Every structure is written in C-alpha cells, then in structure tokens.
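Understanding the architecture of this molecule
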Amino acid sequence: MHDFVQYVQSYLSSDQTPGAAGNIFWAVVYVLLVFVGLSVAVIAMNWLERKILAHMQVRLGPMRVGPHGLLQPIADALKLLLKEDIIPDGADKVVFWVAPFIVVLAAFTVFVVVPFGPTHAITDMNIGILFMLGVSSLSVLGIVTAGWASNSHYPLIGALRSSAQMVSYEVAMGLAVVSAIMMTSLEGNGTLSMIGIVQAQLAQHEWFLFKFFPLGFIAFGIFAIAMVAETNRAPFDLPEAESELTAGFHTEYSGFRWSLFFLAEYSAMIAVSSIAVTLWLGGWLRPFPNLLTGTIWNLAFSLIPGLTFLFLGAICFYNTARMPKHPLFKIQTIGLAGFGAVLALIGLVMFVPAVRDRVGDIFWFSAKVAGFMYLYIWYRGTFPRYRFDQLMKVGWKVLLPTGLALLILTAVVGMRSELLAQVKEVLHR
Amino acid sequence: MNPSLPSNPPVATPYFFYGLAAIMIIGGILVITRKNAVHSALALITTLLAQAALYLMLYAPFVAGVQIILYAGGIMVLFLFVIMLISIERNMKERQFNKQWVVGIVAAGALGGLLIAVYTTTKGGILFPPVGHESYVDGQNTQGIASLLFSQQSGTYMFAFEIASLLLLVAIIGAVVMAKKRI
Amino acid sequence: MTNISTLHYLVLGAALFLLGVIGVLTRRNVVIILMSIELILNAVNLNLVAFSRYWQGIHGASALQGQVFAIFIITDAAAEAAVGLGILIAFFRNKETVNVDEVNLLKW
C-alpha cells in the first residue's frame, strides 16, 4: 500500500506527461479526465449550438426544458437512449454494429496527444501531429462502412460523398500542417511533437499565425477551411444535410447508435480545433508570454479564469432577476440561480493560488478551442451550403495549389539566409 | 507490475508482442477466408493497425505514423470505395475458391518449409540475436529518416525519393485513364 | 517468456507472407487477391523494420535504411493498389464479373 502511494506521489514532482514518465496510474486518471471533459464539452456544445443559432436567427431556441433550455441536452440524451433500436432488413449486422464504434474510436483516440499544458497531456509522442492526422483519417473508414451496411441508397451515396470530401480535404490539411511544422525548425531542432510545437512558438516569441506574415495566416486559413470540410459541417455538410439526402450516412441509425455518430462528430470538431490552436494560435500560452512578463502581469493574467467564471455566474444571476414572477416559474428560477451559484463558486475556487497556477494553461487552451467552436456555429448560421461539385472543386483546385505554393514560399522565406549565401557563392565562383 | 522498474525496457513486451501477433494472424486468416469482401477489408484494416503498433514496439514511430495515414487511412478507403462500386452480392453466392486450391496450398507449404529450414539451422540461429535497447535516441527517429532522405551530406536516398514521386504521378495518370468511361 | 528477438518478428513476417501467398493462389475474387498482395507487402515491411532495429543495435541509432525502405514500399503499395483497382474497374465494366478465372478470352 505504501508502495502504491509512493508510486502515485512520485509523478507529482515530475515535469513530464504521465505517458513519458511511464506512470500508468496518472495516465489512466488523465484518460478519465479527458473522457469526462469531452462528454461535458459535447453536451455544452449541443446546448450552445441550438441557442446561438437561434439567437442568430432572431428567435429564442429551447426555453422550456430547464431554465433557458439548460436541461435540453439531458432530455435529448434520455430520448436517444430510450429510442427503439431499429436495424434495417438486409443490413449486414456485424458491420452495422461496428461502424459507429470505428468513428467514435478514431475521434477519441486523437485526444491522447492533445496538449492542455506543458505536462497536461496523456502522453507526448514524438510523432504527435502525424498520429493525430492519421487517426482522424480513420474515421473515413467508419463512415464508409456505415453507409454500406445500411443497405439503402441514401446512406450509400451520402457515405461515398462524405468520404470523398473528407479524403480530398485531408490533403489540403496535411500541406497546411507541414508548412507550420517547418516553422518549428527555425530555432534549433524541428519537432513533430505537439508540446514541442507550442514550446517552439514560445521560444520564437511569436504565434505561428503571425510568422512571415501573411504566410502563417494563409496556412491557418487553409487549415480552418479544410477542418470544417473534414468534419462535415456547414457549409460543407451536403452529405448529411436533412434537406438533401435525408441525413446521409446515418439515416438508418436510430437511438444510441446515432448518438455515437453525434458524439464522434463533435469530438472530431474539438480535435481538429485543438490541432489548429496548437499549431498556429500558441496552444496553452497566455497572450504575450514574452512581452508582458513579471509578477504583476503574471498575476493579472492568472486572475482571468476566475473572473470569466464569475462573469458567467453574474449573467446567470441577471437572468434570474429577469425571469417572469409567475408561480409556475419558481422551480426554473431557483434552478437558474443554483447554476449561477455553481459557476460563481468555480470562479472563486479559481482564485485560490494553488489552483490558479495549474489551471491557467488548461483555461487558455480551452478558451481558444471554445472560440473555434463558436466559429463553427457561426459558419452554420451564415453560409449557404456548397453543392458537391463546387465542394470538390474548392478542395482540389483552390486549396491544394495554394497549400503547395505556401509550402514552397514558407521554405524559401525560412531558409532565406542560407539560400542567399549559396547564391552568392555560386555568383562569386 | 513493480512500479520501481525503469520504463525502458518495458516489462510487458512479450505480452504485447504475442497479443498483436495473434491479432495479425487472425486478421490475415479472416482476409483470405471471408466470402464478403467488406469483411475481408475490415479484417485487413485490423491487421494493418496491429502492424502499426508492432512498428511502435520496434522503435519506428515515423513508419508507424505513415502506415496509419497511408495504408489504413488511404489505401483501405480506396479498397472500400471500389468494393462498393462493384456489385459483390452476386459474387457472394458463387464458389469462392479456385479449382487449383490444392496446388496453391502445396506451393505455399513448400515455401513455408523453406523458410522454416532457414530459420532453424544453426547458422540461422546465430544471425538473430536479441533486439538491443541502447541504440534508440529519443526524438531522433524522424530527423534520422529525414537526413537519410534529404540532407546534403548523407542523403543517399534523394534520387529514390524523386523516382517515387514520379511513380506516384504515373500511377495517378494510369488509374484515371483506366477508370474513365471514354478515353 | 523469453525476450522478444528479431527472430520472433521474422517468423511473424513469414507467417503473414504465407497467408498472403495462399490468398493469392486460392481465391477467385480479384479484390481479395489484391488485399492478399497488400498482406504480402506488409509482411515484407515487418521484416525490413525488424532488421533495421537489429542493424541499429550494431551501427548506432542512425542506421535507419530499413525504415526508409519500408516507407518506399508503402508508397509503392499505394500506387500499385490504385492502378490494380483501376484495372479491376475497367474489366468489371466489360465482363460484369470479378472472378479472375472468368477472364479467359485469350485461352487456347
């Protein structure tokens, strides 16, 4: 027993991720934390998407189920779990059963290397970004088999279109990622590891978004467009839009299996947003880590997580005051006030110094990813859908040549001193 | 498991190896015996992913990453696409194995016998010492492969790299031409 | 349990190679034959990477030629799968069948 306690405590003073330190207990703890965090994030995304889309369309969204619809995701989850599980006649039972699990597996395994902080990752593989790109490309297999196993026309066409789209935009994503990786090698050794990429941004005093302006920016733009297409979201959601193909490859899936696809889609969105945040937006770094240093600035920036949660709690209390005074609304008012109290309590806990130092990295990373989630919802509310041939044209004829040109330009600009030296040497001979 | 052992060498290696080897062999047997081509493709994907894990055990992380991206995420998607474009329901009701299956198995058995003979003679035994652990430098695998492929001093495979890209170009043109309805 | 040596990997590679050869020689469906060819290429890759590891034990961490060879073979396999499946689509359009022993128009 004492051995075990010592094993648990031996990790707390190390400066590595649990996977790199070989500590299995803490690795399992981190895995469970990632699971729980992802589930909470998906539930929150469900609610946020409906509310934000509604407000963008000048309506209110779900308001009945809980105070301001806060319990709507739970009601949705209950409905999905209790629905009848229908398997179409003539469908291949084994493949029909396995397909959602492949997609969920691919979407969740990606989070093994996502860095929430310099030691807050499950593990830090040396090929981190390569692993993430590879495993997220495994979800295409799940979609293709799902469409095939449904033994029906709409899912098959939806699956083929969806996988063609995902494979095309993977190429553009890969090129944008490579041009970001090249920037890590400008100072010291280049690296493929996710934590190493953020540390390279810290060492070079610049987010890769602003590096060699506008090259980093265009690379980020290519990745931002390709990642929306990769996750089958608007405006690239032709294969699964309801008015086009009656929900595409997951038409025949009902209840729990559909919720697995839904979970996998939102997890994939969070995963590719994490890649974008790590590669271009500085990962877990707070704004201006090298410019505004010193204890006062560190203290000021470390107060922001707590202030954010207090602000959210204040919004909840304000809305509690605005609730109708009818006796039937009493439970909702109390519920909203309770929720606001919980948020305010979390904010107050984040002011404690011991928590403040640890939670800063995770907060900044999550805030940046949350910004990307808001962008996803904003795109859905704003853009009309691409037709399939327009979609493929954009992927192959616009993004791919731009990505290639960007790669060459980034390489040339990054190596300009060596290239100039070689040109001078050739001219002087 | 004793937690005070160093993490290198890992203690569970024989279990991982035998488990992954079992997955690969079972996947291979399923590939060659299933009637339904989609089931064979799924079994092959399992084999490829287990092989990527074996590459990680051999301290070749870059090859493992390339295997997952290209083989499992690219080539197998291509296979699944083509399986869905050709109608295999009719083919599932036909005879699955050749008329010459006996000769095939005898030939494979002869090849297997040859391989066993090579691996079990004493000379073969000397050639295969245990895999060493001290030769791996953490974080240098990708850089090492890159320097073999691209660097000016020791890049002996640059020409092969360019020829491989030419080969891929030829393959793309060939596949497009052959799958077109009207050339 | 003994230590895992290079021999273990070579035997596994040989077993996969044999499974692939049996698949190529005994099946009628072209797609399954192509998948068996992929099995053969994978077995070869496993051998190469195992020997690269063995060579690293002798010559140091930069003896990565086996892994480079394996990467080239994976690239090659992709090209070959693309062309092979193109051929398959072309003759499926002609004869409506995917069995190799029915492609016998040149048989004497």
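Since we're looking at a predicted model, the values are computed, not measured. (Residues numbered from 1 in each chain as written. Chains lettered and ligands numbered in written order. Predicted model: local features only at pLDDT ≥ 70, side-chain atom pairs only at ≥ 80, totals over all residues.)

Remarks on the overall build of chain B
For chain B, the helix and strand inventory stands at 8 helices and 0 strands. When the elements of chain B are put in sequence order from the N terminus, they spell out α-α-α-α-α-α-α-α. Looking at chain B as a whole, 30% of its 183 residues qualify as buried. Of the contacts formed within chain B by residues at least 6 apart in sequence, a portion of 43% connects residues at least 24 apart. (Helix = DSSP H or I, 4+ residues; strand = E, 2+ residues; numbered from the N terminus. Buried ≥ 20, exposed ≤ 12 C-beta atoms within 10 Å, placed from the backbone. Contact = placed C-beta atoms within 7 Å.)

Some points on the interface of chain B and chain C
The accessible area lost on association of the parts is a frequent measure of interface size. In this complex, chain B contributes 73 residues to the contact, which on the side of chain C involves 66 residues. Elements with a minimum of two residues in the side of chain B that touches chain C: α1 (13-33), α2 (37-57), α3 (61-85), α5 (101-120), α7 (141-150) and α8 (158-179) of chain B. The element best represented in the side of chain B that touches chain C is α3 of chain B, accounting for 13 residues. Looking at the side of chain B that touches chain C residue by residue, the class counts come to 55 nonpolar, 16 polar and 2 charged. (Nonpolar A, V, L, I, M, F, W, Y, C, P; charged D, E, K, R; others polar.)

Regarding the nonpolar core
The biggest cluster of nonpolar side chains holds 176 residues, and the ones touching the most others in it are Ala226 of chain A, Ala41 and Met76 of chain B together with Val31 of chain C. Counting 6 residues, the second-largest nonpolar core is a separate cluster that includes Cys316, Leu336, Phe339 and Met350 of chain A. (Core = buried A, V, L, I, M, F, W, Y, C linked by C-beta atoms within 7 Å.)

Section: the interface of chain B and chain A
At the interface, 21 residues of chain B touch 25 residues of chain A. For the side of chain B that touches chain A, the secondary-structure elements that each account for two or more residues are α2, α3 and α7 of chain B. At 12 residues, the largest contribution of residues to the side of chain B that touches chain A is made by α3 of chain B. Among the residues forming the side of chain B that touches chain A, the class breakdown is 14 nonpolar, 7 polar and no charged.

Describing the packing of α1 of chain B against α2 of chain B
Residue and element names in this part refer to chain B. Their axes nearest at 8 Å, the elements α1 and α2 cross at an angle of 155°. Between α1 and α2, the interaxial angle falls into the category roughly antiparallel. As α1 runs across α2, the sense of the crossing is left-handed. Where α1 abuts α2, its residues Thr13, Phe16, Phe17, Leu20, Ile23, Met24, Gly27, Gly28, Leu30 and Val31 lie against Ser40, Ala43, Leu44, Thr46, Thr47, Ala50, Gln51, Ala53, Leu54 and Met57. Across the contact of α1 with α2, the residue classes break down as 13 nonpolar, 7 polar and no charged. (Axes fitted to C-alpha atoms, helices over the stretch in contact; angles between N-to-C directions. Parallel < 35°, antiparallel > 145°, perpendicular 65-115°, else oblique. Left-handed = near helix turned anticlockwise from the far one by under 90°.)

Side note on the domain arrangement of chain B
Partitioning chain B into structural domains gives domain 1 (1-99) and domain 2 (140-183). Computed over C-alpha atoms only, the centres of domain 1 of chain B and domain 2 of chain B are separated by 24 Å. (Domains from an automatic or database assignment.)

Quick word on the packing of α3 of chain B against helix α3 (residues 65-95) of chain C
Working note: a packed helix pair is described by the angle between its axes plus the distance between those axes. Running from amino to carboxyl end, α3 of chain B crosses α3 of chain C at an angle of 5°, the nearest separation of the two axes being 10 Å. When the axis of α3 of chain B is compared with that of α3 of chain C, the two are roughly parallel. Where α3 of chain B abuts α3 of chain C, its residues Phe62, Val63, Val66, Gln67, Leu70, Tyr71, Gly74, Ile75, Leu78, Phe79, Val82 and Leu85 of chain B lie against Gln67, Ala70, Ile71, Ile74, Ala77, Ala78, Ala81, Ala82, Leu85, Leu88 and Ile89 of chain C. Here the residues of the contact of α3 of chain B with α3 of chain C sort into 20 nonpolar, 3 polar and no charged.

Let's talk about the environment of Thr120 of chain B
Of note, Thr120 of chain B is situated in helix α5. Residues Thr120 of chain B and Asn36 of chain B lie 84 residues apart in sequence; the distance between their C-alpha atoms is 38 Å.

Concerning the environment of Leu33 of chain A
Residue position: Leu33 of chain A is located in helix α3 (residues 24-56). Between the C-alpha atoms of Leu33 of chain A and Asn151 of chain A, which are 118 residues apart in sequence, the distance is 38 Å.

Quick notes on helix α13 (residues 295-322) of chain A
Residues and elements named next belong to chain A. With 28 residues, α13 extends 41 Å from end C-alpha to end C-alpha; this agrees with the ideal 40 Å at 1.5 Å per step. At Pro305, α13 shows its largest bend, some 35°. The complete set of buried residues in α13 reads Pro305, Gly306, Phe309, Gly313 and Cys316. (Expected span 1.5 Å × (residues − 1). Bend = angle between axes of the 7 residues up to and from the residue.)

Here's the deal with the confidence of the model for chain C
Taken as a whole, chain C shows an average pLDDT of 89; of its residues, 98% reach a score of 70 or greater. Both scores are given for the predicted complex: the pTM is 0.90, the ipTM 0.92. (pLDDT = per-residue confidence, 0-100.)

What about the arrangement of the chains?
Taking contact number as the criterion, the leading pair out of 2 pairs of chains in contact is chains B and C. At the level of C-alpha atoms, the two units chain A and chain C stay apart, their nearest approach being 14 Å.

Examining helix α7 (residues 139-149) of chain A
Of all 11 residues in α7 of chain A, 11 are buried, a share of seventy percent or more. Considering only its buried residues, α7 of chain A is in contact with α5 (93-109), α6 (128-136), α8 (153-184) and α12 (256-280) of chain A together with α2 and α3 of chain B. Remark: Asn151 of chain A follows α7 of chain A within two positions and exhibits a positive phi of approximately 55°.

Quick notes on the confidence of the model for chain B
Low pLDDT means the predicted coordinates in that region are not meant to be read closely. The predicted model of chain B has a mean per-residue pLDDT of 83, with 85% of residues at 70 or higher. The low-confidence segment residues 1-9 of chain B, where pLDDT is below 50, has 7 contacts with residues more than four positions distant or belonging to other chains.

Regarding the environment of Gly403 of chain A
Residue and element names in this part refer to chain A. With respect to the helices and strands, the residue Gly403 is situated in helix α16 (residues 388-414). Considering only alpha carbons, one finds Gly403 and Val42, 361 residues apart in sequence, at a separation of 31 Å. Ignoring anything within four residues of it in the chain, the contact list for Gly403 reads Ala172, Leu175, Ala176 and Ile222.

A look at unusual backbone geometry
Along the chain, Phe213 of chain A connects to Pro214 of chain A via a cis peptide bond; the corresponding omega equals 5°. With respect to the helices, strands and loops of the structure, Pro214 of chain A is situated in the loop between α9 (194-203) and α10 (215-230). Here His68 of chain A, not a glycine, exhibits a phi torsion of approximately 55°, which is positive. Within the secondary structure, His68 of chain A is located in the loop between α3 and α4 (72-82). In this structure, Tyr59 of chain B is a non-glycine residue whose phi angle is positive, near 60°.

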